[in-house]
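# Fold and contact review
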Amino acid sequence: MDLLALTDFNLVARHGGFGRAARESGRPKATLSRRVADLESGLNLRLFERGARTLKLTEEGRALYERTSGLLTELDETAAAIASGAEAPRGRLKVSAPLLFSQAAMGKLAARFALKYPDVRLEVTTEDRAVDMVEEGYDLVIRVNPDPDARLVGRIFLRDRLVVVASPTLALPAGTAPAPAVVRESGAADPNSTWEMTGPSGTKRIAVKPVLRLSSLFMVRDAVRAGVGAARLPLSLVTQDLRAGRLAHWGDVEGPEIALWALYPSRRLLSSRVSAFLDFLKEAFPIGSPDELASFID
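Every value quoted in this text rests on a predicted model; they were computed, and no experiment measured them. (Residues numbered from 1 in each chain as written. Predicted model: local features only at pLDDT ≥ 70, side-chain atom pairs only at ≥ 80, totals over all residues. Heavy atoms only, no water.)

Within the structure shown, the criterion is met by 10 aromatic pairs. Relative to Phe157, the ring of Phe101 lies with its centre 5.7 Å away and its plane at 75°, an arrangement referred to as edge-to-face. Separated by 56 residues along the polypeptide, Phe101 in helix 5 (residues 99-116) and Phe157 in strand 6 (residues 152-160) bring together distant segments of the chain. Take Phe101 and Phe157: they sit in the same class, and that class is buried. With centroids separated by 5.4 Å and ring planes inclined at 45°, the aromatic side chains of Phe285 and Phe296 adopt a geometry described as tilted. Within this pair, whereas Phe285 is found in the loop between helix 9 (272-284) and helix 10 (290-294), its partner Phe296 is found in the segment after helix 10, the two being separated by 11 residues in sequence. The burial state of Phe285 is the same as that of Phe296; both residues are buried. One aromatic cluster in this structure is built from Phe101, Phe157, Phe285 and Phe296. (Phe/Tyr/Trp six-rings, centres within 6.5 Å; stacked < 30°, edge-to-face > 60°. Helix = DSSP H or I, 4+ residues; strand = E, 2+ residues; numbered from the N terminus. Buried < 20%, exposed > 50% of the residue type's maximum accessible area, 1.4 Å probe, protein only.)

Right, dumping it as C-alpha cells:
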C-alpha cells in the first residue's frame, strides 16, 4: 500500500473534502484527488461517495480511516521525536468535556496542563452530547456515566454523588407538606413530585413543588443559596457551602453514583498526548473523591 496515498486519503477524510483538505494542507487539489483515486484502484474499493457538492466516506472508507488515522499520527509523532531527540508529548490534543465539569475545573486543569506540556496544543470543547470521536476528530472525551460503547475504552477518574441541600433558613417540611424546589430540567413537567433521600434517621420521602427551573447546576446552587428552595446537587458543587454553613444537608439521594470517565477510541494507538493527559487527570484526582473536585470550585 502506498503510504503517501494513504496519508492523502486520511487528509481528505479528516477535512471532509478535497478542496478543504487542499486549502488546509497547501497541497494541490488535483494531486490529492489523483492519489486517492490510485489508492481506490489499488485496493479495488470505493472509499468515497462523490456527489455534486458532497463527499462522504463509504463504509469501507470509514473503516480504513478509523484503523489508519491513529497509526499515521503515531508515525508522525515518532519521526518528530527522533528528529528532535526528545520524547515529550507534542501536537494537537482535542478534548470534549461536559458542561458542569468544565465550569468547575477544566479552566484551571487546562492551564496547568499547558504549563506542564508547552508543546501540546490543547483544545477543549464543552458539550453534554455524545460526540462521534472519529468523525469529529476528538482525541479524548470526558463523560458522566456513559453508555457502553464497544469502540471506546477508558477509565473512571472521578466519583461524585447527589445530595439534597437547602438554605439554613428553609426548614424541612413536616408531614405531607411539599418543599419548594429548584430543579434543572427543561420542558413541561408535573408541578409536584417526590424525592427520596437517606439521612441520619433513615430513608425519607418528601413531596416537592418546583418553584424554579434552571438550565445550569451552578444557577441552581446560587438560587438555593438565596433561600428560594431545596435542590438535588452533586456533593462536590456544595461541599464548601456545607462546610461554611451557607447550605444545610437534608440527605443523600438514593441512586447510582456519578462517575466521570475519560474515554478514547479502542482501535487507535494511545498517543503520548493522550497518555500524558490521562496521567495528568490521575495526578489532579489521585483518589477520585468529591472533595478533590470541590477544591477547584470557587
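A surface patch of nonpolar side chains, about 200 Å² in accessible area, is lined by Val211, Leu212 and Val228. Looking at the secondary structure, you find Val228 in the loop between helix 7 (217-225) and strand 11 (231-234). Taking relative accessible area as the criterion, Val228 reaches 34% and is therefore assigned partly exposed. (Patch = residues over 30% accessible without salt bridge, like charges linked within 9 Å, V, L, I, M, F, W, Y side chains within 5 Å. Areas by Shrake-Rupley, 256 points an atom, 1.4 Å probe, with all protein chains shown as cover. Salt bridge = Lys/Arg side-chain N within 4 Å of Asp/Glu carboxyl O.)

Turning our eyes to something else, we now look at the pairing of strand 9 (residues 193-199). Across seven bridges, the pairing between strand 9 and strand 10 (residues 202-213) is antiparallel. Bridge pairing in strand 10 links Ser193 to Val208. Between strand 9 and the antiparallel strand that follows it, strand 10, lie two residues. Here strand 9 runs beside strand 12 (residues 248-253); their pairing, made up of two bridges, is antiparallel. From the neighbouring strand, Thr198 faces strand 12, where its bridge partner is Asp252. (Pairing = 2+ DSSP bridges.)

Below, the discussion takes up the sheet that holds strand 4 (residues 120-126). Across the sheet, five strands lie side by side as 4-3-5-13-6; this open sheet has mixed pairing. Bordering the open sheet on either side are strand 4 and strand 6, each of which pairs with just one other strand. Neighbour-to-neighbour, the strand axes of the sheet open up by a mean angle of 20°, direction not taken into account. In this sheet, strand 4 lies alongside strand 3 (residues 91-97) in parallel orientation, the contact comprising seven bridges. Within strand 4, the position partnered with Lys94 by the bridge is Glu123. Here helix 5 sits on the sheet in contact with strand 3, strand 4, strand 5 (140-144), strand 6 and strand 13 (258-265), set at roughly 170° to strand 4. (Axes fitted to C-alpha atoms, helices over the stretch in contact; angles between N-to-C directions. Contact = heavy atoms within 4.5 Å.)

What follows covers the packing of helix 5 against helix 9. In contact at an axis separation of 11 Å, helix 5 and helix 9 are set at 125° when each is read in the N-to-C sense. One way to sum up the angle between helix 5 and helix 9 is to call them oblique. Relative to helix 9, the crossing made by helix 5 is right-handed. Contact residues: helix 5 offers Met106, Leu109, Arg112, Phe113 and Lys116, while helix 9 offers Arg273, Ala276, Phe277, Phe280, Leu281, Glu283 and Ala284. (Parallel < 35°, antiparallel > 145°, perpendicular 65-115°, else oblique. Left-handed = near helix turned anticlockwise from the far one by under 90°.)

This part takes up helix 3 (residues 29-43). Look at helix 3: 21 Å from first C-alpha to last across 15 residues, which is about the 21 Å you get at 1.5 Å a residue. Every buried residue of helix 3 is accounted for by Thr31, Leu32, Val36, Leu39 and Glu40. Immediately beyond the C-terminal end of helix 3, within one or two residues, lies Asn44, with a positive phi of roughly 60°. (Expected span 1.5 Å × (residues − 1).)

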